Amino acid sequence: MMIIKGEFVFTVSDVSVDFNSIEKILTVEPIKIIKRGQLIGKLKNIEAPLDIYSIERKFFAKEDIFKQLLILLDDLLPYHEFIKELAKRYNSVAINCYIRSEYGQIGFEMSNEIIVKLGIIGIAINFNILSFGGVEE
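The text that follows walks through the structure, step by step, so that each part is easy to find. (Residues numbered from 1 in each chain as written. Predicted model: local features only at pLDDT ≥ 70, side-chain atom pairs only at ≥ 80, totals over all residues. Heavy atoms only, no water.)

### Some remarks on helix 2 (residues 65-76)
Between the first and last C-alpha of helix 2 there are 18 Å, a value that for 12 residues agrees with the 16 Å anticipated at 1.5 Å per step. When helix 2 is considered as a whole, its buried residues turn out to be Ile-65, Phe-66, Gln-68, Leu-69, Leu-70, Leu-72, Leu-73 and Leu-76. (Helix = DSSP H or I, 4+ residues; strand = E, 2+ residues; numbered from the N terminus. Expected span 1.5 Å × (residues − 1). Buried < 20%, exposed > 50% of the residue type's maximum accessible area, 1.4 Å probe, protein only.)

Written as structure tokens, this is what we have:
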């Protein structure tokens, strides 16, 4: 059985992000904040080049991976006007999808509901598919 896991991450990033003003309005949990210059990575040996505010929803192969994206979009939907303002103010405001698989063989379909909600919120979605290097016939 192919193991697929990952996360959908709503991020606001730029050289300088006003975290306090975002947290006052966007009260969705869980939140991860990385400040530019902070040591990151598994070994804590890389300096973050940007300020990053993020909200994350993890998924696992046993469920429809887009279920978690819908939950995240529903959490963000009430704040769509504020998120559009963030997109004008900061360099990058988007949802990043990180899919990890033992094998690089992945196919998926996004529903119209997801596409409509992304359009209302007004942000892009980026897909990053990472394979652990196995091959399955």
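Moving on from the coordinates now.
### Quick notes on the nonpolar core
Ranked by size, the top nonpolar core spans 33 residues in total, and within it Phe-8, Phe-10, Val-12, Ile-22, Leu-26, Leu-76 and Ile-95 carry the most contacts. Counting residues per element, this core draws most heavily on helix 2, at 7 residues. Not counting residues up to four positions away in its chain, the partners in contact with Ile-22 are Val-12, Val-17, Tyr-53, Phe-82, Leu-86 and Tyr-90. (Core = buried A, V, L, I, M, F, W, Y, C linked by side-chain atoms within 4.5 Å. Contact = heavy atoms within 4.5 Å.)

### Considering the pattern of salt bridges
Scanning all chains against the criterion turns up 7 salt bridges. Ionic pairing is found between Lys-58 and Glu-7, a salt bridge with its closest N-O pair at 4.0 Å. Placement of Lys-58 in strand 5 (residues 51-60) and of Glu-7 in strand 1 (residues 4-14) is noted, with a sequence separation of 51 residues between them. Accessibility expressed as a relative area gives 47% for Lys-58, which makes it partly exposed. For Glu-7, a relative accessible area of 10% puts it in the buried group. A salt bridge links Asp-75 to Arg-57; the shortest N-O distance between them is 2.7 Å. Separated by 18 residues along the polypeptide, Asp-75 in helix 2 and Arg-57 in strand 5 bring together distant segments of the chain. Arg-57 sits in the buried class, given a relative accessible area of 10%. What emerges from the salt-bridge pattern is a single network uniting Glu-7, Glu-56, Lys-58 and Arg-100. (Salt bridge = Lys/Arg side-chain N within 4 Å of Asp/Glu carboxyl O.)

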